[in-house]
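# Summary of structural features
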Amino acid sequence: MDAELHFTIEATTKGNTIFSLVCQTIGLREYWYFGLKYFDKVSHEWNWLQSNHTIISQPIQILSNSILYKTSDSSNLTDYFNPHLLRSPPISPSKSTLNLSSSVINVGQQYIKGIIELYFVVKFYPEDITHELIQDITRHLFYLQVKHDILNMDIYCPPDTAAHLASLSLQAKFGDYDQIESSSESLNLENEALLPLTCFQKIELSRKDWFDRIIALWRTHALLTREEAEMSYLKHAQDLDMFGLSFFEISKMHGTNKSSSEQQQKQLDQSPIAAELWLGIDSLGIRFYKKNKLRPEVFFSWCDIKSVTAHDKKVILNLTSDKHATFAFYAGKSSVSKEILDLATGNHELYMKRRQEQSIEIQQMKYFEEQQQKEKMRLFTQERKLRLQAEKQRDEIECKFIDYQQQMKELHETLVKYQEATELLARKAHINSEEARLQTARALEIEAQLERCKYEISRNEEEKRSYTQQIRECEQVISTLVNDSIKNNSYYLCCCYEFYLLSSTTEQRRKEAEELKLEVAKWRIAEAAAREKLLAITQFNQSLPISNATTHTQHNLVQSSSSSSRTTTASPPPYRPITKVQASNSTDERTHFIDKQTQLALQLQDLKNVIQSKKIEDQQTPLDKAYEENLAVGDNKYSTIQKARSGTALKRMAMLQDL
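What counts and how
- Residues numbered from 1 in each chain as written.
- Predicted model: local features only at pLDDT ≥ 70, side-chain atom pairs only at ≥ 80, totals over all residues.
- Heavy atoms only, no water.
- Helix = DSSP H or I, 4+ residues; strand = E, 2+ residues; numbered from the N terminus.
- Buried < 20%, exposed > 50% of the residue type's maximum accessible area, 1.4 Å probe, protein only.
- Contact = heavy atoms within 4.5 Å.
- Areas by Shrake-Rupley, 256 points an atom, 1.4 Å probe, with all protein chains shown as cover.
- Expected span 1.5 Å × (residues − 1).
- Axes fitted to C-alpha atoms, helices over the stretch in contact; angles between N-to-C directions.
- Parallel < 35°, antiparallel > 145°, perpendicular 65-115°, else oblique.
- Left-handed = near helix turned anticlockwise from the far one by under 90°.
- Nonpolar A, V, L, I, M, F, W, Y, C, P; charged D, E, K, R; others polar.
- Pairing = 2+ DSSP bridges.
- Disulfide = S-S within 2.5 Å.
- Phe/Tyr/Trp six-rings, centres within 6.5 Å; stacked < 30°, edge-to-face > 60°.
- Salt bridge = Lys/Arg side-chain N within 4 Å of Asp/Glu carboxyl O.
- Polar contact = N/O pair within 3.5 Å; in protein donor to acceptor, adjacent residues only side chain to side chain.
- pLDDT = per-residue confidence, 0-100.

## With respect to the overall build of the chain
Looking only at helices and strands, the chain has 18 helices and 14 strands in total. Within the chain, buried positions represent 36% of all 659 residues. Intrachain contacts of the chain at a sequence separation of at least 6 include 71% that bridge at least 24 residues. For the chain, the computed accessible surface area is about 39,900 Å², with 54% contributed by carbon and sulfur atoms.

Right under this line is the structure:
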């Protein structure tokens, strides 16, 4: 239901008056496609409002909250509108686009106040919905009607086509997906009626998977306006097998002849009724179905049909090919046969009207609609141009903003690095100051040590000179002692030698003399070793203080040089100027993408493959199986019509008799 209108009318108002009031209110001029429906409180069915009958003469249900004011001479009307006989409001019909609530008042001398619900729905469909509909309001009402029928499964729609149509409905309602995604608005597809319930039952796909694929298809419809999206929706829905058809269950088709007796006709009328076939009426003609509602067995175009008449439950079909050949079949109720007659008459009139010269009214409507479309297209082109410019500026600003963000990030990183380097330099400067203080103290200590070393050296020089003097004196003493000892030893030896020579034999004296010589040699060697040892000790004592002072000084200098070498610091990283990178134009990249239609076809083919692999066989309906059979043999809506229309009218009549 797209809108709800409220009117105040009288009970004696005719149906065509209310219908005209609705058309004028919504600005509809192509009124011949539509009608008003109501709920029959007697038969509990939905019927068409008769245009030439008053409201009170038709069994329209009044809501239970109606109030009745009676007079004495209106007993029949009082019984008719007795609120105690009313039932709860019915469920809305399968084809509802507008809800018309009316207040019934002033019935003769009585006043009845209540609310009735009438539904403004599509009654007749054109042959080519994309070219015959003129007004935008007409196309919009057809779009709502067809969408409602598909979602309620009154029109069979395969799952892949249902997903495609759902994406078009989203484009018609919300516009481009990218704009919705970039805006702050939150889109919840759970609240949207997108697919028939059977799609979730017979295909093993989660709702999220369905929505993701629908959104992917939605992206391919970018830049489509609401009118273009709705027209594309109708164009694809028109190819469905059950589009624009009104189905009725019929039984006992009889091929009769006008020469048959009245008694035979009465026997046929009194024969039992059992549903055997479906009758389908649309803008092209009448079809008869046996197995399913997707493949007609026999089709008669309106040019093949001369007239249709209805008598109670029986409907008689007269063909133009043979004036003596008629077809009679039976509906379940007389109201159904009347509806068949009404739809057949209306579709036949529109069929003949389309093949005649267009009226002045139609020509004016087309002219004004063309002018409006041109103006809308001009405004739309201008708005699209401004929008593209705004989007381009937005993209440029976004690119600049991203560049500025990147620059700010790099500057921040550089600033952090410099702050870290500054802190490091501060710490190193503090360390260097401490090291400088320590180096100063060490330098003072080294100077003191140097002074001590100089003092030690000068003292060692004096000691050396004293040692040298003592050594010289010792040498003189030693030389004197040695000379004296040599003289004494020589004299002693000579004396001993002479004594031995005198006191012993010659051989003994010789041996003792040699031993004395050896002892003298040993004494001389010992004297020389003592002298060298004394000189070595003297030299060691002189060199020891100087070497210690020099070694200590060198060690301190090495430590000071090594500590000063550690104080060298690393310089901070050099500043690198940030170069601005210009963003590439997104429109140039889009030129390399594949065509939208090719992309859409690829996505639909992928969806078909997924559906084929995920379908649940136990949940497949007879219509699903019939659709798969048609696909297997390469049939579609139009090829099945051609096959059902093949042959002459008499041949098709014989096929009906065989059915």
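## Describing unusual backbone geometry
The phi torsion of most residues other than glycine is negative, and most of the peptide bonds are trans. Here methionine 153, not a glycine, exhibits a phi torsion of approximately 65°, which is positive. The class of methionine 153 is partly exposed, set by a relative accessible area of 41%. Look at leucine 223: it is not a glycine, yet its phi comes out positive at around 75°. Secondary-structure assignment places leucine 223 in the loop between helix H8 (207-219) and helix H9 (226-237). The class of leucine 223 is partly exposed, set by a relative accessible area of 33%.

## Details of helix H5 (residues 159-174)
Relative to the 22 Å expected for 16 residues at 1.5 Å per residue, H5 spans 22 Å between its end C-alpha atoms, a close match to the ideal helical length. Across the 16 residues that make up H5, a large majority, 14, are buried. Glycine 175 sits one or two residues past H5 and shows a positive phi near 90°.

## A few points about the packing of H5 against H9
At a minimum axis distance of 8 Å, the contact between H5 and H9 shows a crossing angle of 160°. Considering their axes alone, H5 and H9 lie roughly antiparallel with respect to each other. Two packed elements cross with a definite hand, and for H5 against H9 that hand is left-handed. Contacts from His164, Leu165, Leu168, Ser169, Gln171 and Ala172 of H5 reach H9 at Arg226, Ala229, Glu230, Ser232, Tyr233, His236 and Ala237. Its residues assigned to classes, the contact of H5 with H9 comprises six nonpolar, five polar and two charged.

## Concerning the pairing of strand S13 (residues 314-319)
Counting buried positions along S13 gives six out of six residues, so the element sits mostly inside the fold. Of the pairings in the sheet, the one linking strand S12 (residues 305-311) to S13 comprises six bridges and is antiparallel in character. Looking across to S13, one finds that isoleucine 305 is bridged to leucine 319.

## Points about the state of the cysteines
According to the stated counting rule, one finds zero disulfides in the structure shown. Distance from the sulfur of cysteine 199, which forms no disulfide, to the nearest cysteine sulfur (cysteine 157) is 7.1 Å.

## Observations concerning the packing of aromatic side chains
Inspection of the entire model under this criterion finds 20 aromatic pairs. When the centroid spacing of 5.6 Å and the interplanar angle of 80° are considered together, the rings of tyrosine 125 and phenylalanine 142 count as edge-to-face. Here phenylalanine 142 lies in helix H4 (residues 136-151) and tyrosine 125 lies in the loop between strand S7 (115-122) and helix H3 (129-132), a separation of 17 residues in the sequence. Judged by its relative accessible area of 5%, tyrosine 125 is buried. Geometrically, the ring pair formed by phenylalanine 200 and tryptophan 210 is edge-to-face, given 6.5 Å between the ring centres and 75° between the ring planes. One end of the pair, phenylalanine 200, is in helix H7 (residues 197-202); the other, tryptophan 210, is in helix H8, and ten residues separate them in sequence. By relative accessible area, tryptophan 210 is classed as buried at 0%.

## What about the pattern of salt bridges?
Scanning the entire structure with this criterion turns up 30 salt bridges. Between arginine 226 and glutamate 230 there is a salt bridge, and its shortest N-O distance comes to 3.1 Å. In this pair, arginine 226 and glutamate 230 are both assigned in helix H9, four residues apart and thus about one turn of the helix distant. For arginine 226, a relative accessible area of 35% translates into the label partly exposed. What makes glutamate 230 buried here is its relative accessible area of 4%.

## Looking at the pairing of strand S9 (residues 277-281)
Buried residues dominate S9, accounting for four of its five residues. Looking at chain direction, S9 and strand S10 (residues 285-289) are connected through four bridges and run antiparallel. The residue of S10 that forms the bridge with tryptophan 278 is tyrosine 289. Between S9 and S10, which pair antiparallel and follow one another directly, the connecting turn spans three residues.

## Description of the side chain of serine 167
One can find serine 167 in helix H5. A residue is classified by how much of its surface remains accessible, and serine 167, at 0% relative accessible area, is buried. A distance of 3.0 Å separates polar atoms of two side chains, one belonging to serine 167 and the other to histidine 221. Those residues in contact with serine 167 that lie beyond four places of it in its chain are Ile214, Leu217, Trp218 and His221.

## Quick notes on the confidence of the model for the chain
Residues of the chain with pLDDT of at least 70 account for 73%, and the chain-wide mean is 77. Here residues 254-260 is a poorly scored stretch, pLDDT under 50, and it has 19 contacts once near neighbours within four places are set aside; other chains count. Overall, residues 563-593 carries pLDDT values under 50, and its contacts beyond four positions in sequence, including any with other chains, amount to 28 contacts.

## Thoughts on the environment of threonine 345
Here threonine 345 lies in helix H11 (residues 334-354). By relative accessible area, threonine 345 is classed as partly exposed at 35%. Each C-alpha atom of the pair threonine 345 and serine 307 lies 8.3 Å from the other, and the pair is 38 residues apart in sequence.

## Some remarks on the packing of H4 against H9
How two helices pack is summed up by the angle between their axes together with the distance between the axes. Between H4 and H9, the shortest axis-to-axis distance is 10 Å and the interhelical angle comes to 50°. Considering the angle they form, H4 stands oblique to H9. As H4 runs across H9, the sense of the crossing is left-handed. Contact residues: H4 offers Asp136, Arg139, His140, Phe142, Tyr143, Val146, Lys147 and Ile150, while H9 offers Arg226, Glu227, Glu230, Met231, Tyr233, Leu234 and Ala237. Within the contact of H4 with H9, the residues separate by chemical class into eight nonpolar, one polar and six charged.

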